[in-house]
Amino acid sequence: FYAFTPAQDGCYEIVSEDPLDAGFYKETEMGMEQAGHSLKQGEAYILVLSGVSGSQEIVISSGRTLALGNPVQARAGETFFFAPEKDGRYTVSAGDASGGSSLLTLQLEKGGLGSAQGNGSAAVTASFSQGQTYSVSVSGESGTAYELSVTETPTVTGIEAEAKSTEEYVSNFYELID
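What counts, and where the lines are drawn
Going along each chain's sequence as written, the residues are numbered from 1 onward. Two thresholds apply to this predicted model, a pLDDT of at least 70 for residue-level local features and 80 or more for giving and counting side-chain atom pairs, whereas whole-chain, interface and lining totals are computed over all residues. The side-chain numbers reported here are obtained from all heavy atoms of the structure, hydrogens and water having been left aside. By this definition, two strands are paired if DSSP reports at least two bridges between them. The secondary structure listing takes helices from DSSP runs of H or I that are at least 4 residues long and strands from runs of E that are at least 2 residues long, numbered from the N terminus. The axes are straight lines fitted to the C-alpha atoms, using for helices just the contacting stretch, and the angles between their N-to-C directions are given from 0 to 180°. Only protein chains enter the accessibility calculation, which uses a 1.4 Å probe. A residue is then buried if its area is under 20% of the maximum for its type, exposed if over 50%, and partly exposed in between.

1. Brief notes about the sheet that holds strand β13 (residues 121-128)
Consideration 1: The four strands lie next to each other as β8-β15-β10-β13, forming an open sheet whose pairing is antiparallel. Two strands bound the open sheet, and with one partner strand each, they are β8 (72-75) and β13. Sheet twist, expressed as the mean angle between neighbouring strand axes with direction ignored, is 25 degrees.
Consideration 2: Pairing geometry for β8 and strand β15 (residues 145-152), over four bridges, is antiparallel. Following the sheet pairing, Q73 is matched in β15 by E147.

2. Brief notes about the environment of G10
Consideration 1: Here G10 is to be found in strand β2 (residues 10-16).
Consideration 2: For G10, a relative accessible area of 10% puts it in the buried group.
Consideration 3: In the structure, G10 is positioned 27 residues away from H37 in sequence and 8.1 Å away in space, judged by C-alpha atoms.

3. Description of the sheet that holds strand β1 (residues 2-4)
Consideration 1: Taken in spatial order, the four strands make up an open sheet running β1-β6-β3-β4, and their pairing is antiparallel. Each having just a single partner strand, β1 and β4 (31-34) make up the two edges of the open sheet. Averaged over all pairs of adjacent strands, the angle between their axes in this sheet comes to 40 degrees, without regard to strand direction.
Consideration 2: Bridging between strand β3 (residues 21-28) and β4 involves four bridges; their strand directions are antiparallel. From the neighbouring strand, K26 faces β4, where its bridge partner is E33.

Structure (structure tokens):
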């Protein structure tokens, strides 16, 4: 058990080279309650670690929070954290805020979600789990402002199609050419 008081509001993640079970907790009248990853400046939290053996370096990483549907301005190399409120597929996208076409790389970390590269914009769609925190960063030209956003990706449950004869397609095609 360790005391932890954040210097600023933000999303915090425990990073270690070796696997461990760790989390932030708040002391309440009912005992200890899990606090999640979005912590408030100046509030006292308890960092609980288990699975630590011997000497191990543990880093508390912080960054700005990336929220569903709320685009943010970012600079190259800046890290943001996204903690979904429910399991699902989400698309994380980055774009040159000035509308330029500079080369950029969008990187998602945790569970090998991947990265994408593009000229002016990039996006990654993946499955995210509630209760997990994912780090998002963009790299590109120094001094360039980027816009980062997260949107929920709808799941297609079915497609409705109407069957037509080949002759009907052919006749419609010739009508378009004439």
